[in-house]
Structure formats: structure tokens, C-alpha cells
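# Descriptive analysis of the structure
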Amino acid sequence: SKLFDGERWSLTQPADQTVGALEALSERFSETWVCTGRPREEIVGAIEGLALDGVLSANRVASATDVEELESELGNTSLGKPHWFQIALALVGRDEAMEALESGSLKESKSAVYVGDGWADFVAVNACKKLGASIRYCHIRSGSASAEEDQLIADSAITFAVSDDLSGIAQAVQERVS
């Protein structure tokens with residue numbers, strides 16, 4: 001594990017398995033983004049410090065920092081997860097995501113698979129899909145969601161895969177996406 005901003009970060013799997021899983025996902029999709037409720041500096045530090053910069057880009061992070069800046073610009077609006085805004089930011093960019101705030105729909109989005117581990121992730125993906133995004137959800141059972149939430153997620157039509165770790169998600173994506 002590595003230390004960033006006074007907090008201990010570690011990979012939940014051995015580094016080679018995590019990098020391998022991210023590489024497998026990157027081979028299937030044109031872009032890999034990190035959507036997180038953590039500050040940008042922290043995530044960029046983790047990407048670099050955990051040697052994930054070969055598979056994740058600091059330029060493809062939709063962070064709490066981005067959300068907070070836009071919330072400040074807009075006034076008293078809450079755009080963090082489980083709001084769909086952060087995902088739309090990654091899918092269509094700032095301008096179109098801002099338009100969707102007003103119109104209630106996304107004009108067009110890339111096809112995407114979102115990997116998350118919590119109920120808020122699932123709710124945000126579901127809301128983004130209802131706006132017109134072409135998106136599916138992959139769920140990692142990390143203990144972040146309750147057993148009941150895990151089951152609701154697994155049974156949902158938008159759920160593409162469920163696994164205990166990122167390697168299992170990557171394997172499911174490799175098997176099901178050409």
C-alpha cells in the first residue's frame with residue numbers, strides 16, 4: 001500500500017491483477033474514466049503512486065473537485081453521486097452535461113459500462129440511463145452496499161455483471177463484449 005495525503009491506499013487485489021483487469025477493460029472500450037467522490041489531487045496521486053498511470057489517465061477523472069466547482073458555479077445544487085451528473089460529465093463532457101441539467105435528457109452519449117461497488121453508483125447509473133445514456137452497470141460486491149441492495153442490483157435489467165472483484169468484472173466483459 002502507498003500513502004497519499006495522510007491516508008493509506010492499497011489495491012484490493014495484487015497489483016498485477018488490478019492492472020491486468022484494467023488493461024482488459026481498456027481493450028474493450030475506447031476510454032476508461034474514474035468517477036469518484038474523492039478530490040482530484042488524491043485520485044491523480046493514487047493513479048501515479050500505485051503505478052496505474054499506464055491504464056488510467058489523470059485527464060479522465062470526474063472527481064469531487066469537478067463536482068464541487070460546478071456546484072459552486074450553479075449555486076446550491078447537489079451534483080455528487082447518487083446524482084447522474086458526474087457520469088454524464090465523463091460520457092458527454094461538461095457542456096452537454098450542463099445542458100442535460102436544464103433539459104432533463106442527454107442528446108447523445110457514448111456506449112459505456114460503469115463499474116461501481118455501492119448503491120449510490122447504481123442509482124446514479126440508473127438515473128443517467130433514464131436520461132438517455134447508453135450505459136450498463138457492473139457491480140463489485142465490496143461490502144459497501146447492503147445484502148439487500150446487492151440483490152436488487154444483481155436483479156436489475158441495467159446490471160451487466162456482478163463479481164467480488166475487478167478481475168471478475170473484466171472477465172465477464174471479455175466474455176460478453178466483442
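Nothing here was measured: the structure is a model prediction, and the numbers come from that model.

### Here's the deal with the packing of aromatic side chains
- Under the defined criterion, the tally for this structure stands at four aromatic pairs.
- Each ring, one from W84 and one from F85, has its centre 6.1 Å from the other, and the planes form 50°; the classification is tilted. Across the pair, exposure class does not vary: W84 and F85 are buried alike.
- Arranged with centres 5.6 Å apart and planes meeting at 70°, the rings of F122 and Y137 form a pair that is edge-to-face. On the criterion of sequence distance, the pair formed by F122 in helix 6 (residues 119-130) and Y137 in strand 6 (residues 135-140) is long-range, its members being 15 residues apart.
- Every member of this aromatic cluster is reached through a ring pair, and the members are Y114, W119, F122 and Y137.
- Sitting over the face of the ring of F160, R176 holds its NZ or CZ atom 4.2 Å from the ring centroid.

### Remarks on the packing of helix 4 (residues 85-92) against helix 6
- Closest axis-to-axis distance for the helix 4/helix 6 pair is 8 Å, and the angle between their directions is 60°. Relative to helix 6, helix 4 is oriented oblique. Here helix 4 and helix 6 pass one another in a crossing that is right-handed. For the pair formed by helix 4 and helix 6, the contact residues are I87, A88 and L91 on the first element and A124, V125 and C128 on the second.
- Across the contact of helix 4 with helix 6, the residue classes break down as six nonpolar, no polar and no charged.

Criteria and thresholds
Residues numbered from 1 in each chain as written. Predicted model: local features only at pLDDT ≥ 70, side-chain atom pairs only at ≥ 80, totals over all residues. Heavy atoms only, no water. Phe/Tyr/Trp six-rings, centres within 6.5 Å; stacked < 30°, edge-to-face > 60°. Buried < 20%, exposed > 50% of the residue type's maximum accessible area, 1.4 Å probe, protein only. Helix = DSSP H or I, 4+ residues; strand = E, 2+ residues; numbered from the N terminus. Lys NZ or Arg CZ within 6 Å of the ring centre and 35° of its normal. Axes fitted to C-alpha atoms, helices over the stretch in contact; angles between N-to-C directions. Parallel < 35°, antiparallel > 145°, perpendicular 65-115°, else oblique. Left-handed = near helix turned anticlockwise from the far one by under 90°. Contact = heavy atoms within 4.5 Å. Nonpolar A, V, L, I, M, F, W, Y, C, P; charged D, E, K, R; others polar.

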